[in-house]
Amino acid sequence: MNPLLRRLRSDLFATPADGALSLGLIALITAVAVGLLQWATQRAQWAVIQANSTLFAVGRYPGDQQWRLWLLTALLTAVTGVTWGLLRCHPRADRDGTLWPRNDRLVLGLLVVVVLWLPGALQLTPALQIRWSLLAALLAASRWLAGRFGSKLSRPMLRLFPLVWPLIYLIGMVLISGGLGLMPVSPSQWGGLLLTLLTASFAILLCFPMGVLLALGRRSDLPLLRWISVIYIEFIRGAPLITLLFLGQNILGFLLPGGFAPDRIWRAAWVLTFFAAAYLAEAVRSGLASVPKGQMEAARSLGLSYPQTLVRVVLPQALRVALPAMVGQFISLLQDTTLLSLIGLLELLGVARTVMANPAFLGHSAEVYLTLALLFWSCCAALGLGSRALEKRLDPQTLSRSSSQP
Amino acid sequence: MRDPQALLDPLDRPPWWRDRRVIPWLGQGVVALLLLVLIAFLLGNLVHNLTTRGMLLSWRWLGQPAGFDISETLVPFSAEMPYWRGLVAGLANTLRAVLTGLVGATLLGTLAGMASFSRNGLLRGLTRTYVETIRNIPLLLQLIFWYFVVFLSLPNGTAALQIPGVVLAKSGLYLAGFGQGMHWSLPQLVNGVWQAPLRLSVEFAALISGLIIYSGAFIAEVVRGGIASVPKGQWEAATSLGMGWFATLRHVVLPQALRVIVPGLNTQYISLAKNSSLAVAVGFTDLYSVAETTLNQTGRALEVYLLLLGAYLAMDLVISLLMNGLNRFVQIRER
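By convention here, each chain's residues receive numbers from 1 onward along its written sequence. The naming scheme follows written order: chains are lettered A onward, ligands numbered 1 onward. In keeping with the predicted nature of the model, local features appear solely for residues at pLDDT of at least 70, side-chain atom pairs appear and are counted solely at 80 or more, and the whole-chain, interface and lining totals rest on all residues.

In this section: the overall build of chain B. Along its length, chain B carries 10 helices and 8 strands. Oriented by its inertia axes, the alpha-carbon framework of chain B measures out at about 105 × 75 × 35 Å. Contact between two residues is assigned whenever their backbone-derived C-beta positions fall within 7 Å. Taking contacts inside chain B between residues at least 6 apart in sequence as the whole, the part at least 24 apart equals 62%. Segments assigned H or I by DSSP are reported as helices when at least four residues long, segments assigned E as strands when at least two residues long, and all are numbered from the N terminus.

Set out below in structure tokens:
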């Protein structure tokens, strides 16, 4: 028998009961899929997304300053392309040496399709459509250039390259908020995807060192440090995020001398950071617990100081084990940014709620919320995929294979 | 100046700033001092700011009439009752949502977790899709979707969705039950309005559907992990003894898997209890929602916040204690 048929039979029709269940499920799935397709193509009116695409992307960011965001996007695209190319141009044992592995071609193909289809579907002006195409071309070009000539770069250059990312972050903050000769744009005008990504990336970057320190504190031999960490972690983990955001909005002003409290958006971003740090600390702690005690003792007996032992021996092993849990926390942090809409900030969900309050779009909430769901799903699923790939790359077995075959 | 010879003496203690027994304590002392200064600074500001506004900690406002109504309550409440009654009514609503959510999510999660070990590939795939879809979409977005897109677009009157004993309409979810005079009665249409012994508001129905479906996906993962932790030989041994799929799961695998499942469930239950505070987005008046209204009316931010935090911490603690008790019960006692 055909192996596919055999597989199908053992998977779906092993027993009569199984067969009946399968048939029922197939009918259900078909009905749902057909219904959804019919709705999406015939009944749904996507004009609500088309008319508000700028609002969803950047909120009320002033129109004459939006070139700064385009510039930032172009910078990010170029750096992403170069990083991607550099990662591929050095052959490794866990990968075939080709410059364009199948997954890369798949990703680029998907990107091209999205870039060609999406701006048209959103009915953007031709000028914006051209920008999208240019961005895609920039990504492909920088990816190709870095892949082609990356191997000619010297080793110190390659080592310094990751520092470009924090630099881009700083440049991005200046471009977004103004200053240094640029017209300032106050945080109350940021919104949509821009605000979501900004708060999420800010919290992810800052909660990482805090989480590691808290986890170390919780496992420390010093009672005071341990107790401070335990109390902090358990307090934060015991309270719902929304009550902490409430604390940030309503009580932080009382705790600081008058006029010192930062803007509402930064307050919320800091609350998110402090919140995520407690959860991240627990993820890191599980990683620390997995490192055998002998590692610490061996490193110390070799004469490494305590900080050296932590940074060079214990943390690399602990963080590798904690990686899936940590990325899980980052994913839920990205999802938690939607709670900012409950305290009146206009991130993606907040924009959606204001758009739905407009009577012109009454009855089309399904289109908006399903689009947002798709957007969040893609971002979170991509993070999850990246985490699994990184986990495989950092697996000790893969690493030992790649070092034994230089 | 110290005698250079003394440095070579192994029994001589180093000066205190290089003594390994002193440094850690010194470091802790510095941290404690910094922390105390920070706390004193924050508290000082708090007291100063509150005194200038004449809002220093006071609980007298709890006895004043609330002036707002709560649309559905378990404990009787009306606008002329004091604030504390309102907060109690809100807490009762939160507990109702959490308890319903816990039961529903456990059932759904266990079923989905068991289904991911089914022989049927389609069922496995469907479970996988369910878990991966739900976990990658924010809960708040899901709740808003259920409320605004699903429940608020339901038809009313005769067009409402009807299964024997259950009616789902825009005006609420109607369930059969024991009505007046303790006799069984079904939902029925009286003058175009549904009547039933048990009515749940759409807000509550949207909240618990969202919570159950979201937490169910996480619990399914916990259950799947627990079942996967049972060695394959246990399945094979039970099957070779002639036990069926369900009997194997029920009598052999689950009792062993529970040891791994219960601690994971504890985390999920606590996060469900905390997530119930998102009820405010779908218009269900839970504790957080009452607290927010109270704050807006009285301006008592600190007191309201302390009450809110205390209530949620207490809820987490109770769940943890119960689950730890359960954990002791399911642990395999070895000699």
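Bringing the pairing of strand S2 (residues 166-169) of chain B into the picture now. A regular strand places its side chains so that they alternate between the two faces of the sheet. Residue and element names in this part refer to chain B. DSSP-based pairing: two strands are paired if at least 2 bridges between them are found. For strand S1 (residues 161-163) and S2, the ladder comprises 3 bridges, and the chain directions are antiparallel. Within the sheet, the bridge partner assigned to Gln 162 lies in S2 and is Val 167. Joining the antiparallel neighbours S1 and S2 is a turn of 2 residues, in which Gly 165 adopts a positive phi near 90°. Summarising the sheet, S2 and strand S3 (residues 172-175) pair through 4 bridges and their orientation is antiparallel. Its bridge partner being in S3, Val 166 is matched across the sheet by Leu 175. Remark: 2 residues form the turn of the hairpin made by S2 and S3, two consecutive strands paired antiparallel.

All names here are of chain A. On domain assignment, one finds that chain A holds domain 1 (51-185) and domain 2 (190-348). Computed over C-alpha atoms only, the centres of domain 1 and domain 2 are separated by 28 Å. Contact with domain 1, which involves 9 residues of that partner, is made by 8 residues of domain 2. In terms of residues, the side of domain 1 that touches domain 2 owes the most to one element, helix H4 (residues 53-58), which gives 4 residues. For the domain bounds, the source is a domain assignment made automatically or taken from a database.

As used throughout, a nonpolar core is a set of buried Ala, Val, Leu, Ile, Met, Phe, Trp, Tyr and Cys residues joined through C-beta atoms within 7 Å of each other. Three exposure classes are used. Buried residues have 20 or more other C-beta atoms within 10 Å of their own C-beta, exposed residues have 12 or fewer, and partly exposed residues fall in between, all C-beta atoms being placed from the backbone. Core analysis: the largest hydrophobic core is formed by 135 residues, its most contacted members being Leu143(B), Ile144(B) and Leu207(B). At 17 residues, helix H6 (residues 202-228) of chain B tops the list of elements feeding residues into this core.

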